[in-house]
Amino acid sequence: MTPLQVGVLVSGRGSNLRALQQASSTAAYRVALVVSNVADAGALAFAADVGVPTAVLPHRAYPTRAAFESAVTEALRAAGVELVVLAGFMRVLTPVFVGAWAGRIVNIHPSLLPAFPGLDAPGQALRAGATVSGCTVHLVDEGTDTGPILAQAEVPILPGDTEDTLAARILVEEHRLLPRVVDALARQRRAAA
Ligand code: GAR
């Protein structure tokens, strides 16, 4: 079975990319390309270390969001990408991109959606006085963190938690959940083909 070719979009340190890449040797997917909109993202150094192709597409270099997104789509298509994973990709995508990859974009978000969408989800959960949070993997639609939920993992919020301690505890679960869901999607797609 040919592994599903996954394109990972990143903006930062790339710990979820690392988890995806490390799990891929025994999974039904391969990371075919890492695209970063940030030139010095830690994720790029990791990808280079393990020999995964990268593309750096700084969004500010493009006159419009549409032009940036077309460049991303072009790079993904050129690499034969079949599924797009947003792993700490901090740009909102327009309907143009979402439409081009309809049903084929997944995102990992550090809260139990629909609670606490958007930026700083662990901080939002703490400020709201929540006693449990977690992470969500969902399909991306045209809203912000609103698409159909594929899987979630709960994480308790402990007395004395700070944004950093909570985010770190959630991250451990993200690293388990994201590769599992991407592998399951890959197997479904190959079974349906
Ligand atoms: C992760 O916690 C991910 O859930 C979050 O950014 C972090 C990226 O970490 N994403 C969002 O908040 C998206 N709304 P990483 O670069 O180490 O994978």
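For the structure itself, consult the block above.
The rules behind the values
Residues numbered from 1 in each chain as written. Predicted model: local features only at pLDDT ≥ 70, side-chain atom pairs only at ≥ 80, totals over all residues. Heavy atoms only, no water. Helix = DSSP H or I, 4+ residues; strand = E, 2+ residues; numbered from the N terminus. Rg over C-alpha atoms; globule rule 2.2 N^0.38 Å. Buried < 20%, exposed > 50% of the residue type's maximum accessible area, 1.4 Å probe, protein only. Contact = heavy atoms within 4.5 Å. Areas by Shrake-Rupley, 256 points an atom, 1.4 Å probe, with all protein chains shown as cover. Lys, Arg positive; Asp, Glu negative; His and termini not counted. Charge placed at Lys NZ, Arg CZ, Asp CG, Glu CD. Pairing = 2+ DSSP bridges. Axes fitted to C-alpha atoms, helices over the stretch in contact; angles between N-to-C directions. Arc of directions from axis to C-beta. Parallel < 35°, antiparallel > 145°, perpendicular 65-115°, else oblique. Left-handed = near helix turned anticlockwise from the far one by under 90°. Nonpolar A, V, L, I, M, F, W, Y, C, P; charged D, E, K, R; others polar. Salt bridge = Lys/Arg side-chain N within 4 Å of Asp/Glu carboxyl O.

### Examining the overall build of the protein chain
Piece 1. Each helix and strand counted, the protein chain has six helices and seven strands in total.
Piece 2. Along the protein chain, helices (α) and strands (β) appear in the sequence β-α-β-α-β-α-β-α-β-α-β-β-α when read from the amino end.
Piece 3. For the protein chain, whose C-alpha radius of gyration is 16 Å, the value lies close to the compact-globule estimate of 16 Å for 193 residues.
Piece 4. C-alpha extents for the protein chain along the principal axes are approximately 50 × 40 × 30 Å.
Piece 5. Classification of the 193 residues of the protein chain by burial places 49% in the buried group.
Piece 6. The long-range fraction of contacts in the protein chain, counting pairs at least 24 apart against all pairs at least 6 apart in sequence, stands at 64%.
Piece 7. Of the accessible surface of the protein chain, which amounts to about 9,000 Å², a share of 56% is contributed by carbon and sulfur atoms.
Piece 8. Placing the 15 positive and 16 negative side-chain charges of the protein chain at their respective mean positions leaves the two points 5 Å apart.

### Some remarks on the sheet that holds strand β1 (residues 4–10)
Piece 1. In spatial order, the strands read β3-β2-β1-β4-β5-β6-β7; together these seven strands make up an open sheet with mixed pairing. Whereas interior strands pair on both sides, the edge strands pair on one side only; in this sheet they are β3 (54–56) and β7 (149–156). Across the sheet, the mean angle from the axis of one strand to that of its neighbour is 20°, orientation sign disregarded.
Piece 2. As defined by bridge partners, β1 adjoins strand β2 (residues 29–36) across seven bridges and the pair is classed as parallel. Residue pairing across strands places G7 opposite L33, the latter belonging to β2.
Piece 3. On top of the sheet, helix α2 (residues 42–50) reaches β1, β2 and β3; it is set at about 150° to β3, its chief contact.
Piece 4. Across the face of the sheet, helix α6 (residues 163–192) comes into contact with β1, β2, β4 (83–86), β5 (105–109), β6 (132–139) and β7 while running at roughly 155° to β7.

### Some words on α2
Piece 1. Residues of α2 that are buried include every one of A43, L44, F46 and A47, and no others. Angularly, the buried residues of α2 cover 160° about the axis, an arc narrow enough to put them on a single face. Opposite the buried face of α2, at more than 90 degrees from it, the exposed residues are A48 and D49.
Piece 2. Where α2 is buried, its residues touch β1, α1 (15–23), β2 and β3.

### Brief notes about the packing of α1 against α6
Piece 1. At their nearest, the axes of α1 and α6 sit 9 Å apart, and the two run at 45° to each other. Here α1 lies oblique to α6, going by the angle between them. Relative to α6, α1 is oriented so that their crossing is right-handed. Residues S15, N16, A19, L20 and A23 of α1 form the contact with α6, whose participating residues are L171, E174, H175, L178, P179 and V182.
Piece 2. For the contact of α1 with α6, the per-class residue count stands at seven nonpolar, three polar and one charged.

### Overview of the pattern of salt bridges
Piece 1. According to the stated counting rule, one finds six salt bridges in the structure shown.
Piece 2. The partner of E173 in a salt bridge is R176, and the shortest N-O contact between them spans 2.6 Å. With E173 and R176 both in helix α6, this residue pair falls three residues apart, about one helical turn.
Piece 3. Residues D183 and R187 are paired through a salt bridge, measuring 3.1 Å at the closest nitrogen-oxygen approach. On the criterion of helical spacing, the pair formed by D183 and R187 is a turn pair, its members being four residues apart in helix α6.

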